[in-house]
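Letter by letter, the chains look like this.
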Amino acid sequence: MTTTVERGVAGALDSALPTRFSLTPKTTLTGQLDGAWWPYSRDLTTELPPLVEALDGRLGRITRVMVNPTRWPVVPHKVPATGHTVHVGWFTELDPEKMILLSYTVGRFDLLVIPPGTEPTAAARLLTAAAIPGSVLTAGVLMSDEAATGGRMRDT
């Protein structure tokens, strides 16, 4: 299920831009990913608050986020979100195409992070593929598959 939610947090980006993400539907099937997120930039301070706000109602209060620093020029230790603070950590061992969100109530969620400059048709495919229940494809595999097949699709 691909979702866009209007941003409620003003920042360097236009607050009218939707938060672009998809989540796996509730099911007993578990997979490698719980959905995907397509941010507008690589600025976590600007991008995380609207994502956390959009997900809080669905996943419970997001308290921690983990990323691989190779994809984010600056990784802040804390990011203010609506009504609370989200702690941000980084791990070089984490798949660079993925982020992990931790919630008090629901637990852990792994999201594919689609690069900000991705073409909309490719991003739509990735948002859909990352939300397939029970998928065994990792974030890195989805991105490399998209690079291979998406390139062929553009060439034809």
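Heads up: the structure comes first, above all this text.
Residues numbered from 1 in each chain as written. Predicted model: local features only at pLDDT ≥ 70, side-chain atom pairs only at ≥ 80, totals over all residues. Heavy atoms only, no water.

**Q** Is there a simple way to think about helix α2 (residues 120-129) in this case?
**A** Helical geometry note: an α-helix holds 3.6 residues per turn, so side chains three or four residues apart project in the same direction. Burial in α2 covers these residues: Ala 122, Ala 123, Leu 126, Leu 127 and Ala 129. The buried residues of α2 occupy an angular sector of 165° when the element is viewed end-on, so they sit on one face. With respect to the buried face of α2, the exposed residues turned more than 90 degrees away are Pro 120 and Thr 121. (Buried < 20%, exposed > 50% of the residue type's maximum accessible area, 1.4 Å probe, protein only. Helix = DSSP H or I, 4+ residues; strand = E, 2+ residues; numbered from the N terminus. Arc of directions from axis to C-beta.)

**Q** I tried to follow the side chain of Glu 97 on my own but got confused; where do I start?
**A** By secondary structure assignment, the location of Glu 97 is in the loop between β6 (84-90) and β7 (98-103). Classification of Glu 97 by relative accessible area gives buried; the value is 12%. There is a polar contact of 2.5 Å between the side chain of Glu 97 and the side chain of Arg 71. Those residues within four positions of Glu 97 in sequence are excluded, and the remaining contacts are Arg 71, Leu 111, Leu 112, Val 113, Ala 139, Gly 140 and Met 143. (Polar contact = N/O pair within 3.5 Å; in protein donor to acceptor, adjacent residues only side chain to side chain. Contact = heavy atoms within 4.5 Å.)

**Q** When you look at a nonpolar patch on the surface in this model, what are you seeing that I'm missing?
**A** Taken together, the side chains of Val 136, Leu 137 and Val 141 make up a nonpolar region of the molecular surface, amounting to roughly 240 Å² of accessible area. Mapped onto the elements of the fold, Leu 137 is located in the loop between α2 and α3 (139-155). Leu 137 gets classed as partly exposed once you look at its relative accessible area, which sits at 34%. (Patch = residues over 30% accessible without salt bridge, like charges linked within 9 Å, V, L, I, M, F, W, Y side chains within 5 Å. Areas by Shrake-Rupley, 256 points an atom, 1.4 Å probe, with all protein chains shown as cover. Salt bridge = Lys/Arg side-chain N within 4 Å of Asp/Glu carboxyl O.)

**Q** Just checking my understanding: could you explain the packing of aromatic side chains for this structure?
**A** Inspection of every chain in the model, using the stated rule, returns one aromatic pair. With a centroid separation of 6.1 Å and an interplanar angle of 20°, the aromatic rings of Trp 37 and Trp 72 are classed as stacked. In this pair, Trp 37 is assigned in strand β3 (residues 35-37) and Trp 72 in the loop between β4 (62-67) and β5 (78-81), connecting sequence segments 35 residues apart. Overall, Trp 37 belongs to the buried group, its relative accessible area being 1%. Over the ring of Tyr 40 we find Arg 20; its NZ or CZ atom is 3.7 Å from the centre of that ring. (Phe/Tyr/Trp six-rings, centres within 6.5 Å; stacked < 30°, edge-to-face > 60°. Lys NZ or Arg CZ within 6 Å of the ring centre and 35° of its normal.)

**Q** Sorry, what's going on with the nonpolar core here?
**A** One broad rule of soluble globular proteins: the nonpolar side chains tend to lie buried together. In this structure, Trp 37, Leu 48, Leu 51, Leu 55, Val 65, Met 99 and Leu 101 are the most contacted members of the largest nonpolar core, which totals 24 residues. Only β2 (18-23), α1 (44-59), β4, β5, β6, β7 and β8 (107-113) provide two or more residues apiece to this core. Broken down by element, this core gets its largest block of residues, seven residues, from α1. With residues up to four places along the chain from it excluded, the contact list for Leu 101 reads Leu 51, Leu 55, Ile 62, Arg 64, Val 65, Gly 107, Arg 108, Phe 109 and Leu 111. With 13 residues, the next largest nonpolar core counts Leu 112, Ile 114, Ala 123 and Leu 127 among its residues. (Core = buried A, V, L, I, M, F, W, Y, C linked by side-chain atoms within 4.5 Å.)

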